[in-house]
Amino acid sequence: MRKIFQTTLFLPKVSLVLLHFMLTSCSAQLYFKDVITGKEISKGVNIVYNREAIIKIDTIKVFVSKIERYDKKLNLLEVDISKAESMLTYSRKELNDDNVLIDSYNITLDRSETLKKSNNIIDKNKSYEIIYKSKDTIMSKKDNAILIFINK
Amino acid sequence: MILSNMSFEPKDGNVNHYSGKYMPAYPKKNDTPAIKLTQKKSEQMYAEARPDALLLDYRFKEDIARGVMIHVGGSYENENYGHSISASEGCFGIVNDFNSPSNTSDKMTKEIIDKIWKQAQKSKSNPNHIRIIIEKRDEKNIPNNIVFTKS
């Protein structure tokens, strides 16, 4: 009787270890240079804005709101904010000097915790489904919000 | 069709002094300089509310503006894209008389901004400082929306 009890206690522990191993082995840190944030443009909708703010990847048109650029350690170097005429660039120093902009533009200074987990991107505790993938581009989506990771 | 007013106006007409930050180029990679407005050392400033700016994600709160600049306006020659139209989203545009695709505002913008910047650099008491005062207009004369309907 005692032996059976020990076995049932032991099995869940093994299961937990295996589960943990499976989950961690499926998650991977992403490496990228640029992260584009935007919204998907629905079919039939026409947006006229600055020319760099409308991009098309595969069959999906995206209205870009910002482009964040990172170094090899995934620390932010600079960000482009989409304005009517063109992108408006802020260096990391400018953001540090006027740091209210970091929150109001929702800028991510460090993306080392952005992970790829099976067919999803986990970014700031939100899960984006990967909808397009090529050699150097991953596009992901949550509702209408688009996140694109580019490494070229 | 609805035309929405996106112009920047001070929220309080008595708090209307701004510092100008010289920018060598705006739009990006263009050859026209610009000046960015700041107040209390930040470019995030209280402004007259523009509710439609929220719909376009241009503002995150209807009465807070960011990235307000004085730059080339109207018809101008963009170095990357050729002829373009500028200053439609809450910035101040410098526009020459009889502005058109064949009479653009590039030259005038360079002359005005360069002149301001050189004067600021010459200052002995406060070098490089640019002071901008914006007179708040009567909102009754500036509708937030103009609706056009086909007749």
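The text that follows walks through the structure, step by step, so that each part is easy to find. Nothing here was measured: the structure is a model prediction, and the numbers come from that model.

1. Notes on the overall build of chain B
Okay, so step 1: From N to C terminus, chain B includes two helices and eleven strands.
Okay, so step 2: Helices and strands in chain B line up, N terminus first, as β-β-β-β-α-β-β-β-β-β-α-β-β.
Okay, so step 3: Each principal axis of the C-alpha atoms in chain B carries an extent, and together these give about 55 × 40 × 25 Å.
Okay, so step 4: Out of the 151 residues in chain B, the part that is buried amounts to 30%.
Okay, so step 5: For chain B, the share of sequence-separated contacts (at least 6 apart) that also reach a separation of at least 24 residues comes to 54%.

2. Points about the pairing of strand β4 (residues 60-70) of chain A
Residues and elements named next belong to chain A.
Okay, so step 1: Bridge count between strand β2 (residues 34-40) and β4: seven bridges; the pairing is antiparallel. Bridging from a neighbouring strand, G38 pairs with V64 of β4.
Okay, so step 2: As paired elements, strand β3 (residues 54-57) and β4 share four bridges and run antiparallel to each other. Residue pairing in the sheet places K56 in a bridge with K61 of β4.
Okay, so step 3: The antiparallel hairpin formed by β3 and β4 contains two residues in its connecting segment, where D58 sits at a positive phi of about 55 degrees.
Okay, so step 4: Between the antiparallel neighbours β4 and strand β5 (residues 76-82) lie five residues, among them L74 with a positive phi of about 65 degrees.

3. A look at the interface of chain B and chain A
Okay, so step 1: Counting from both sides, the interface comprises 13 residues of chain B and, opposite them, 14 residues of chain A.
Okay, so step 2: Split by residue class, the side of chain B that touches chain A holds three nonpolar, five polar and five charged.

Conventions adopted
Residues numbered from 1 in each chain as written. Chains lettered and ligands numbered in written order. Predicted model: local features only at pLDDT ≥ 70, side-chain atom pairs only at ≥ 80, totals over all residues. Helix = DSSP H or I, 4+ residues; strand = E, 2+ residues; numbered from the N terminus. Buried ≥ 20, exposed ≤ 12 C-beta atoms within 10 Å, placed from the backbone. Contact = placed C-beta atoms within 7 Å. Pairing = 2+ DSSP bridges. Nonpolar A, V, L, I, M, F, W, Y, C, P; charged D, E, K, R; others polar.

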